[in-house]
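A closer look at the structure
As a plain string of letters, each chain reads:
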Amino acid sequence: MSFPVLPNTDNCLGVALVINRSRDGPRFVFHYPPCLLKTEKARKDSDSEDDVDEDDDILLGRTTRDVGLETGSASALLAAELAEWNHDDHLVTESGTQIVPWEHVAGFPTKDLENILTPARAYRKRLFQVSLDPIYCVSYPIYVPDNGVWRKKKSKKPQNQGQVQKEGKKDEEEALPTDGEKGPSDPEKLEAKDTGKPSGKSAEDAEDKKGENKKSSMTMFNLVFFLNPKKHEVKPLVDIMFTHIIKKINKAYKYCQQRSDFVWKESKQILALKDKGREDKRKMSSLWEEILSASSLAASMQDIYEAVSQNKIAALQLDTIEGAVTHSVQIPIPFHVSDLPQEGEEGQRGLWLTTANSLMGEEAAETPGFLDKSFALLLMTDEKRITAELQSDPDETTLAMIEFVRHCKPTLSFHQVSQQSSNILTPAQVRKFAQHFIFWRRAIAVPPLHARDMYIVSPNCDLTKLPQASARWARQFPLSPALPNFLAELSVAPRPYKLHCPSKAHRPVYMAMLAWLMRGGWVTQLCTFAYVVIWPEIIYEVEHALEAEEIARAKQAQAMGREAGSVESDDAHPATTSTTSFTNTAISPLTPSTSGMAALGDAAIAGFGSGFLPLLYDTLKPSATSAGLHDLFLTHSHTNTARHLEGIVPHIILDAKKATGKRV
């Protein structure tokens, strides 16, 4: 499994909001973090270019060029002052020009950025990407509908909350993901909570009618992410950010804008605070604190950046006049790796190392019954904490999910969980809820933990976290051996895990200890994998057996035709005689002299499925019975150099459930 390119504080610099008004034109509303500067790598790359604006060099704090902002030959005092500028205070040049700290973002004036980041209407609902070398600005522009009105028309009949949610399903389609993502229970669904504010029916209808017919002065808004990826990471990072973060958040903002004109009202408030801060010459840090506390939109941008840049789930809460809208976005990441990471890939260190996990693959849809008995769910957080989170959610599936969490144990497979719930949970519901918890990083799918299995210290464990993990281990299991000692005991020699338990009375505690170690990626199950090799001798015999069956069927058909009095030509009998003679001599069962032609060599057979047993058993049993051979799996059969086997390639079966080949 290839590990995706994930955003971090180095390649994800910040986020900004740009709007466009029909009269005033584009406006750069807000950006976070406050001081959005280029990284050291970006500065070095930019220094090598000749067409870089020298004013931006000074604003970025470069001391190599003593250049002024107006004439290009400012005094040394001003140049030194600009070089030591903390990008928080206001500066005034000798000519009286005021330099406002929030009017320069990533080394570019916001006047230029707001025009660049306002694309034409042709980019509506499409990926918009601008390269300001080496920074990439990526967004998903949202435009007002063609009629110029953001708000959707509402039904005149009074409805309860459930009916409103059902009616608004069409309105939410734009805010919900529509690109075919795997979401077991619509994990990206927006939730609207009623504020319960009393209002008169007639006044509300009049206000809604007035808002529906009034054209909005804001024609576009655009949430832009500033990325600084490496050259080989540009396409994968842009694709994953656009698919899972940028597109969904812009749709969520559009949903709120359609309901209550949220984006425009919040933008107007932010712009008013910035204009007042410019007049008062307030520090940028102080102004940004006030904006974040006063604007729900600005606070959501802060949550987005801090969560996405640290590869966490971004949980947003947008306070609209019609209620609080909650929305969560994230970049799905694998919870396991199949191979040790290469040097420099520290992001994969500490993940569960295994090659026996195919829950999220194609087999999940092809063989759900097999997966139900082969996988269990290991919760990554405390069960009580997850239950408390579910109880606070008014969704109608909450009770079923709480029941699922209560029955779910890492020692029980999905099939057993469904049985223990007294058929309250169907197998389909169990799989759906399991994928929901896995998607939102609340659990991982593992083979059911068993005391007879063998577990070893994972070669991919992160030993730098051992001191902190040892402290948590001591608090969780105070009477157990110390974590380093227990890991050392597991590393001595692979043996069944039950041999580490002092007695059967201690087994439940030791199974809980094993679940804790699996949850942190400290141990992994030691599995034995096997594959089946079908050597040319077997393939040769299968081909001849199939040909013999065809000749026998043809001979039987000819015999039935003669009994019925069918008339055949005279020149057909010599061919039949010749064919029958060939059948009796060339395609005979195995004899001791040719027994090597049906031998399996060096075959390691484990976990036979329905596809493989008939292939070997039906083919070899008649030959073995007639020849008196009981052991057809002879060694070194692959050294057979008979000429009739030349050109026949051995057939390898990696998965016994998906055996392919000819049957006899």
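The structure contained in this document is the topic of the report that follows. (Residues numbered from 1 in each chain as written. Predicted model: local features only at pLDDT ≥ 70, side-chain atom pairs only at ≥ 80, totals over all residues. Heavy atoms only, no water.)

1. Let's talk about helix 15 (residues 398-407)
- Buried residues dominate helix 15, accounting for 7 of its 10 residues.
- Among the structural elements, strand 16 (376-379), helix 14 (383-391), helix 16 (414-420) and helix 17 (427-439) are those in contact with the buried residues of helix 15. (Buried < 20%, exposed > 50% of the residue type's maximum accessible area, 1.4 Å probe, protein only. Helix = DSSP H or I, 4+ residues; strand = E, 2+ residues; numbered from the N terminus. Contact = heavy atoms within 4.5 Å.)

2. A short note on the pattern of salt bridges
- Across all of its chains, the model carries 13 salt bridges by this definition.
- Ionic pairing is found between Arg442 and Glu389, a salt bridge with its closest N-O pair at 3.6 Å. Separated by 53 residues along the polypeptide, Arg442 in the loop between helix 17 and strand 17 (443-446) and Glu389 in helix 14 bring together distant segments of the chain.
- In this structure Arg442 comes out as partly exposed when scored by relative accessible area, which is 28%.
- By relative accessible area, Glu389 is classed as partly exposed at 34%.
- In this structure, the salt-bridge partner of Arg406 is Glu403, at a minimum N-O distance of 2.7 Å. Taken together, the residues span about one helical turn, with Arg406 and Glu403 both in helix 15 at a distance of 3 residues.
- The class of Glu403 is buried, set by a relative accessible area of 17%.
- Each of Arg385, Glu389 and Arg442 takes part in a single network of salt bridges with overlapping partners. (Salt bridge = Lys/Arg side-chain N within 4 Å of Asp/Glu carboxyl O.)

3. What to know about the environment of Ser300
- In this fold, Ser300 is placed in helix 11 (residues 296-308).
- On the accessibility criterion, Ser300 (2% relative accessible area) is buried.
- Considered as a pair, Ser300 and Leu318 are 18 residues apart in the sequence and their alpha carbons are 7.1 Å apart.
- When near neighbours in sequence (up to four residues on either side) are disregarded, Ser300 contacts Tyr253, Leu316 and Leu318.
- Side-chain polar atoms of Ser300 contact the side chain of Tyr253, separated by 2.7 Å. (Polar contact = N/O pair within 3.5 Å; in protein donor to acceptor, adjacent residues only side chain to side chain.)

4. Details of a nonpolar patch on the surface
- A surface patch of nonpolar side chains, about 350 Å² in accessible area, is lined by Tyr531, Ile652 and Leu654.
- Looking at the element boundaries, Leu654 is found in the segment after strand 21 (651-653).
- Assessed through its relative accessible area of 68%, Leu654 is described here as exposed. (Patch = residues over 30% accessible without salt bridge, like charges linked within 9 Å, V, L, I, M, F, W, Y side chains within 5 Å. Areas by Shrake-Rupley, 256 points an atom, 1.4 Å probe, with all protein chains shown as cover.)

5. Remarks on the nonpolar core
- Core analysis: the largest hydrophobic core is formed by 57 residues, its most contacted members being Phe30, Phe221, Leu223, Phe225, Leu227, Met241 and Tyr253.
- Setting aside residues no more than four positions away along its own chain, Met241 makes contact with Pro7, Phe225, Leu227, Ile246, Val308 and Ile331.
- Listed in part, the 50 residues of the second largest apolar core include Leu377, Ala443, Cys461 and Met511. (Core = buried A, V, L, I, M, F, W, Y, C linked by side-chain atoms within 4.5 Å.)

6. Structural notes on the environment of Val329
- Tracing the sequence through the fold places Val329 in strand 13 (residues 323-329).
- Judged by its relative accessible area of 2%, Val329 is buried.
- Spatially, the C-alpha atoms of Val329 and Ala307 are 9.4 Å apart, while their sequence positions differ by 22 residues.
- The contact partners of Val329, leaving out residues within four places of it in the chain, are His244, Ile245, Lys248, Ile249, Lys312, Ile313, Ala314 and Trp440.

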